[in-house]
Amino acid sequence: MHQAVFEIFPETEVFGCPFHLGQAWYRKIQNLGYAPQFNSANNDDVGKWLVHIFELPFLNPEEVAECFTEYFIADKPENAAITEFCDYLVDSYISNESIFPPKILSTSMAPPTHWYLNDNVINDYFNLIKKQNPNVYSFDTYFYERLKKSGYNFIERWTKRVNIFSNRKVFFPINIKANNFAHWVLVMADMEDQQVVYFDSLSNHHNFEIHSDILEYLGLEHRRKLGTPLPFEDWKLVKAENPIQSNGKDCGVFVCTFAEYLSRDAEFNFSRKHMLSFRKLIAYELSTQQLINIHVEEDHIDEEIDRGWKIIWTKK
């Protein structure tokens, strides 16, 4: 279809969707019978190779074919199914003559607003943070909605096997929805400092109801799990001073970045100008299931993000 569009409107720019690209590749992996290896990549060389192949869209379009040949084909596991998968990639994506060439599907060519962070992306990223930080716990994005709709008695089973008070920090990523308005915020329960901290990338925006609801939940959970009341007189509600977004699209990126920095007790040294780089970083981290910690001054963040994932890619 896009070829027909080009013929009629030659100046048209067509961008693919990284999410649907990943779905298509994963379906092919499933059809070849390698989904278990892909999903347990830490224990299987074939799985590791399959996971890393998802890094190709993060390259510039002109680099894709060369890197695929020099790195992935050279290190390809020797079996018929993987060879079939490589042929599929070349026919559908790698070659400039393929159905969807790199110039369409490379994420580096997509506009900044092309990636929308929905519940699945937010939940997957917070699960990755939780997996790599054993003293941090996170609820999923449906928790608060269910708490408000059905009450504590309905969601108390969500922590049947978990004592959230044994963690240093507990994250609550929350999507505010009202009057055709949707916005991501982050609430963090700091167990050491006894604070419930509210992070919002919209200037002068503070939903006190959400803030107090989380503290009330902690009180109910403390009594059920530990058998004693939460000492409310020692706890504080804190509205954080955090970087602010400049558009209507970046709230999810901010929430993920807030949580990643907070999980390792790092100070916020980023701003709205870095959000495109953090979008790419989040997508890369999710595809490889590996967080990349940024430890540089603000002026070097974009450069460090670009350098960091490329170093890991060339080390495989």
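So, a few notes on the structure that sits alongside this text. (Residues numbered from 1 in each chain as written. Predicted model: local features only at pLDDT ≥ 70, side-chain atom pairs only at ≥ 80, totals over all residues. Heavy atoms only, no water.)

Quick word on the overall build of the protein
Looking only at helices and strands, one finds 14 helices and five strands in the protein. Taking all 316 residues of the protein together, 48% fall into the buried category. Considering only contacts in the protein between residues 6 or more positions apart, those separated by 24 or more positions represent 64%. (Helix = DSSP H or I, 4+ residues; strand = E, 2+ residues; numbered from the N terminus. Buried < 20%, exposed > 50% of the residue type's maximum accessible area, 1.4 Å probe, protein only. Contact = heavy atoms within 4.5 Å.)

Brief notes about the side chain of lysine 169
Tracing the chain through its elements places lysine 169 in strand E2 (residues 169-178). Look at lysine 169 and you get buried, because its relative accessible area is 7%. Here the side chain of lysine 169 touches leucine 262 through a polar contact of 2.7 Å, landing on its backbone oxygen. Within the structure, lysine 169 has its side chain in polar contact with the side chain of aspartate 265 (distance 2.5 Å). (Polar contact = N/O pair within 3.5 Å; in protein donor to acceptor, adjacent residues only side chain to side chain.)

Observations concerning the pattern of salt bridges
Throughout the structure, instances matching the rule amount to 10 salt bridges. A salt bridge links lysine 148 to aspartate 213; the shortest N-O distance between them is 3.0 Å. Linking lysine 148 in helix H9 (residues 143-150) with aspartate 213 in helix H11 (residues 208-226), this pair joins segments that are 65 residues apart in sequence. Ionic pairing is found between arginine 279 and aspartate 250, a salt bridge with its closest N-O pair at 2.8 Å. (Salt bridge = Lys/Arg side-chain N within 4 Å of Asp/Glu carboxyl O.)

Description of the state of the cysteines
Counting across every chain of the model gives zero disulfides. Cysteine cysteine 251 remains unbridged, with the sulfur of cysteine 256 as its closest cysteine sulfur at 9.9 Å. For cysteine 251, a relative accessible area of 7% puts it in the buried group. With relative accessibility at 0%, the residue cysteine 256 sits in the buried group. (Disulfide = S-S within 2.5 Å.)

Notes on the packing of helix H8 (residues 119-132) against helix H12 (residues 251-263)
The geometry of H8 relative to H12 is characterised by a closest axis approach of 10 Å and an angle of 5° between their N-to-C directions. Viewed along their axes, H8 and H12 adopt a mutual orientation that is roughly parallel. Contact residues: H8 offers Ile122, Tyr125, Phe126 and Ile129, while H12 offers Gly252, Val255, Cys256, Ala259, Glu260 and Ser263. Of the residues in the contact of H8 with H12, the class split is seven nonpolar, two polar and one charged. (Axes fitted to C-alpha atoms, helices over the stretch in contact; angles between N-to-C directions. Parallel < 35°, antiparallel > 145°, perpendicular 65-115°, else oblique. Nonpolar A, V, L, I, M, F, W, Y, C, P; charged D, E, K, R; others polar.)

Quick notes on the packing of aromatic side chains
The final tally for this structure, using the stated rule, is 27 aromatic pairs. Ring geometry for phenylalanine 254 against phenylalanine 270: centres 6.4 Å apart, planes inclined by 45°, an arrangement best described as tilted. Of this pair, phenylalanine 254 sits in helix H12 while phenylalanine 270 sits in the loop between H12 and helix H13 (275-288), placing them 16 residues apart in sequence. For phenylalanine 270, a relative accessible area of 4% corresponds to the buried category. When the ring of phenylalanine 258 is compared with that of phenylalanine 270, the centres are 6.0 Å apart and the planes differ by 35°; the resulting orientation is tilted. (Phe/Tyr/Trp six-rings, centres within 6.5 Å; stacked < 30°, edge-to-face > 60°.)

Here's the deal with the packing of helix H4 (residues 45-53) against helix H6 (residues 80-94)
Their axes nearest at 12 Å, the elements H4 and H6 cross at an angle of 5°. Classified by the interaxial angle, the pair formed by H4 and H6 is roughly parallel. Residues Val46, Trp49, Leu50 and Ile53 of H4 touch H6, and the partners they reach there are Ile82, Phe85, Cys86 and Leu89. A per-class count over the contact of H4 with H6 returns eight nonpolar, no polar and no charged.

Looking at the pairing of E2
Most of E2 is tucked away: eight of the 10 residues are buried. Two strands pair when backbone bridges link them, and strand E1 (residues 136-138) and E2 are joined in this way by three bridges, in the parallel orientation. Bridging across to E2, tyrosine 137 finds its partner in valine 170. When E2 meets strand E3 (residues 181-190), the two strands line up antiparallel, connected through 10 bridges. Bridge pairing in E3 places lysine 169 opposite aspartate 190. (Pairing = 2+ DSSP bridges.)

Topic: H8
The end-to-end C-alpha separation of H8 is 20 Å, in line with the 20 Å expected for 14 residues at 1.5 Å each. For H8, the complete set of buried residues consists of Asp119, Val121, Ile122, Asn123, Tyr125, Phe126, Leu128 and Ile129. Structurally, the start of H8 carries an N-cap: the backbone nitrogen of asparagine 120 is 3.1 Å from a side-chain oxygen of asparagine 118. (Expected span 1.5 Å × (residues − 1).)

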